[in-house]
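Survey of secondary and tertiary structure
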Amino acid sequence: MATAAHKPLAAITAADLAAAGAAADAAAALHSAVRTALGGGASPAAAWAELSRAALRPDLPFAVHRMLYYGCFAGSPSATPPAWTPHPDEAALTNVGRVLEARGRALIGEAYKDPITSFRDFHRFSNENPEAYWKLVFEEMGITFSVEPSCILRDSDAHPGGQWLPGAVLNAAGNCLTAKPGRNSGDVAIVWRDEGKDSEPLNFVTLEELRKKVCLVANALDTLDLAKGSAIAIDMPMNVNAVVIYLAIVLAGYVVVSIADSFAAPAISTRLKISEAKAIFTQDCILRDDKELPLYSRVVEAKAPMAIVIPARGSTPIKGLRTDDLSWQDFLGRADRTKADIYTAVEQPAYQFSNILFSSGTTGEPKAIPWTHLTPLKAAADGWCHMDIRRGDVVAWPTNLGWMMGPWLVYASLLNGASMALYNGSPNSSGFAKFVQDAKVTMLGVVPSIVRTWKNTDCTAGFDWSTIRCFSSTGEASSVDDYLWLMGRACYKPVIEYCGGTEIGGGFVTGSLLQPQALSAFSTPAMGCNMFILDSNGNPLPQDSAGIGELALDPTLFGSSTTLLNADHHEVYFSGMPQWNAKVLRRHGDEFERTVEGYYRAHGRADDTMNLGGIKVSSIEIERICNRVNDTILETAAIGVPPVGGGPEQLTIAVVFRDQSPQAEDLNQLKLLFNSALKKLNPLFKVSSVVVVPSLPRTASNKVMRRVLRKEFTQAKPSKI
C-alpha cells in the first residue's frame, strides 16, 4: 500500500496535507484545489500543471509540494513525467515562438500549426536548412560582420562537418559592445553587488560605460608591446573587472587564456605553459565569507609571466609585486587618456582564436581547446533558443571565466541584448538569494550542488524569485527532488537541463520552453545538432527509438572545435567512429539513454572518466594517488556511483589489499588518507566510500573493467565505509 507521500492525488486528504506541514486553512484550500484539478478527468500532467500554477507557493513546506507532485503521477507508467508544461500564450512570447508565429509557414511549410506543436519540425528545419536557420538567428541577435561570409556552410576536406561562414570577418567582443535591435547604449549591461553589502543598492554598468571600460583596457594592453594574437591569461573571480578584461583582450586581437581561480599553482603553471601566455591578469586575493584566499601568490608560485594585479578591495595599494609586474592602477595609467574610451575592434577571420579553454585534465595534462570568433555565436544562439534569453532580460549564473560557462554567460547575455548579473561572493548564501530578487533575474543558471545547499540550508526562504522565467542547469547530474524544490521557489518555472562541452561551445542536448520538461532529463537535441546513441556494435540506433549506449554527434555542429593545441583533434574525436549519411560521427564519450517518452538522460562517461562536482577526472589519475597512500594497498579502482534517488556521482574507491582486509576503523583512516592525498589533485574531490574487494574485474587483455564495478555498486549496497 502506498505511503501518504505517494498516495494517488484523488486519495490525498486535507489531513494528509496538514500532516505534511500545511497550516489547517492552507490544507483545506489545497484540498479544494486538488478537487478542482481533478475535475473532468484531467490527465496527471494537466492536474499537476493546474496545481503548480494556481495552488503551490514557495512558502508551503516542500513535503506538501512533493506529496502533490508524486500524487499526480502515482501509478503512472512514465519514468519521466513532466514537471512543467508550456502554456500556448506564454509559448508565443518566447524568442522561437515569436519567430514561428510570424514566419512558421514560410520556414516549415503548410505543416506548421503553432509553436508548441511544431517545435520538433523547427528543430528538423535547423538541421536540414542551416543556411536559412543560422541567417535567421544572426539576424535576431543583431550579429554584424565586417566581411560577410560567402555562405553559411560549405563542404571542406579540412572540416569533417563542413566549413562554417567561409570568408567571414568579425570580432565577437565588438559585437557584444554594440546595442542590439530594440536596445540602446544607455541600457544596463551588468548589474552587480558585493557580498556583505546585501542591503545596499545594486550597482549598474550601462552598455556605454562597459564599452568605455573595455576600450581603456584595450588601449592599455597595446602599450605592453605584445604581438597581436598573443595569449593573455585571466585568473580571477568573475566580476566586472574580469568581464571588462576578457572583452578587451578579444576586442584588441589577443587571445584569452581561461584559468579557474580555484586552481593551485601546478595547474596554473601547466595552463600557462601549454598556451604560451605572455601576461596574466589576477587579483591580490579572493574575498569569500569574510575570508581572504590568496591568489597572486599562487600565480607567482606558478612562475607566471608578467602579471597585472587588481586589488580585491577597491583602490587598496598592492605591495610586494615582482619587478616586472604591474598594479591595476599603473597598468591603466599607461593608456593615452585623450583617446582612452575609443578603440577600433581588431576584425578577424571567423576561425581565428579568441579564447583558449581547458578540459579538466582527465588523464594528466588537460586538453587545450581553442574557441574561435564563431564559438561565441553558438553559445549565444543556445541562450536565444533554449534558455529564451530576450532583450532586456537579466541573466545570472554563478561561474568563473576558467570554465566554459563564464565566457558563455558573457556572450549569451550581451549578444542577446540582456544584462548579466554578477554577485561577488558565495552563491551558497542568503545574500545571493537576495541579489537574485533585487536584480530581478529572469534566467538563473545553477549546478546541482548549489541547489542542494540552498535546499538543505533554506537560505532562499522569504525572497521573491517570481521574475525568474526559467532556470538552467549544467555540470553534473541533477536530483529529481532537489529540482522539484528549485522549481517551487519560483512558482514552478521550468529547469532547462543543458549538456555540452568546452569543445562544443555550448550544448548538444537540452530543453525548450516550447516542450514539456521532465525533472533531471533533456527534451531535445540542441538546435542545429543531430545526436546518435550507438548500439553494442557501435552503430547508430534509429534516432527516434528508445535505447541506451555511447553518444555520438553529427559533425555538422556549428561552433564546435576543429583543433586542439596539445593533442590530435581527429584522433580524439573522430578516429574509429562510425559513419552516418557518409559523414564520420563525432565522439563525445557520454553514455546516454533515450526514453520511450522521447526524453534523454545522461548516465555518465562511457569511458573511465567520472564527473565529480561538474569536473571531469580520469579514474587512472585518482588511482595513481590512492595507490600510494598506504603500502598495504595492492591496487585500487576509482568509480563514480550515483546516489539512490539520483544526483551527482559520488566517488567510491574499491581497494584490493596485499593481505587480509583491515578492520572498519582502519578503513575510516584510509578514507581520510585518500581525501588528504586527493586535495593535491583538486580540493573539491572527496571520497564518499571505500569498498574492499578481493580482486578487480579485468578483460582478457588485463584492463580493469570499472563499468562492471560501477554497475555492481549502483545496483547493490556492498559493505563499505
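Residues numbered from 1 in each chain as written. Predicted model: local features only at pLDDT ≥ 70, side-chain atom pairs only at ≥ 80, totals over all residues. Heavy atoms only, no water.

Looking at an unreviewed UniProt entry, the chain carries the name 4-coumarate--CoA ligase, with the source organism given as Lolium multiflorum. Under the UniProt heading Sequence similarities (unreviewed entry), the entry covering the chain gives this text: "Belongs to the ATP-dependent AMP-binding enzyme family." (UniProt positions renumbered as here; feature names shortened; annotations may be inferred.)

A separate point is the sheet that holds strand S19 (residues 443-446). Each strand in a sheet pairs with another by means of backbone hydrogen bonds, the pair being arranged parallel or else antiparallel. Strands sit in the order S6-S5-S18-S17-S19-S20-S21 across an open sheet of 7 strands; the sheet is mixed. Looking at the sheet topology across the chains shown, the edges are occupied by strand S6 (203-206) and strand S21 (495-497). Across the sheet, the mean angle separating the axes of adjacent strands is 25° when strand polarity is ignored. The sheet contact formed by strand S5 (residues 188-194) and strand S18 (residues 419-424) spans 5 bridges and is parallel. (Pairing = 2+ DSSP bridges. Helix = DSSP H or I, 4+ residues; strand = E, 2+ residues; numbered from the N terminus. Axes fitted to C-alpha atoms, helices over the stretch in contact; angles between N-to-C directions.)

On to the side chain of aspartate 554, then. The residue aspartate 554 is located in the loop between strand S27 (547-553) and helix H20 (569-573) in this model. Within the structure, the side chain of aspartate 554 is placed 2.9 Å from the backbone nitrogen of threonine 556, a separation counted as a polar contact. In terms of polar contacts, aspartate 554 uses its side chain to reach the side chain of lysine 583, at 3.2 Å. If sequence neighbours within four positions are ignored, aspartate 554 has contacts with Asn530, Phe532, Trp580, Lys583 and Leu585. (Polar contact = N/O pair within 3.5 Å; in protein donor to acceptor, adjacent residues only side chain to side chain. Contact = heavy atoms within 4.5 Å.)

Positive phi values are uncommon outside glycine, yet leucine 165 reaches one of about 50°. Tracing the sequence through the fold places leucine 165 in the loop between strand S3 (159-164) and strand S4 (169-170).

Next up on the list: the UniProt feature "transmembrane region" (unreviewed entry) in the chain. Mapped onto this numbering, the UniProt entry annotates "transmembrane region" (unreviewed entry) at residues 243-268. Here residues 243-268 runs as 50% helix and 15% strand, with 20 Å between its end C-alpha atoms.

The next point concerns the sheet that holds strand S36 (residues 687-692). The strand order across the open sheet built from 3 strands is S34-S35-S36, with neighbouring strands paired in mixed fashion. Two strands in the sheet have a free side with no partner beyond their single neighbour: strand S34 (633-641) and S36. Geometrically, the sheet is characterised by an average inter-axis angle of 25° between neighbouring strands, direction not taken into account. Contacts between helix H21 (residues 619-626) and the sheet are confined to S34 and strand S35 (650-657), with S34 contributing the most and set at about 140° to the helix.

Here the focus is the pairing of strand S9 (residues 279-283). Counting buried positions along S9 gives 5 out of 5 residues, so the element sits mostly inside the fold. Note: strand S7 (residues 231-235) against S9, 4 bridges, orientation parallel. Bridged to isoleucine 234 within S9 is phenylalanine 281. Bridge analysis of S9 against strand S12 (residues 306-310) gives 5 bridges, and the strand direction is parallel. Across the sheet, glutamine 283 pairs through a bridge with isoleucine 310, a residue of S12. (Buried < 20%, exposed > 50% of the residue type's maximum accessible area, 1.4 Å probe, protein only.)

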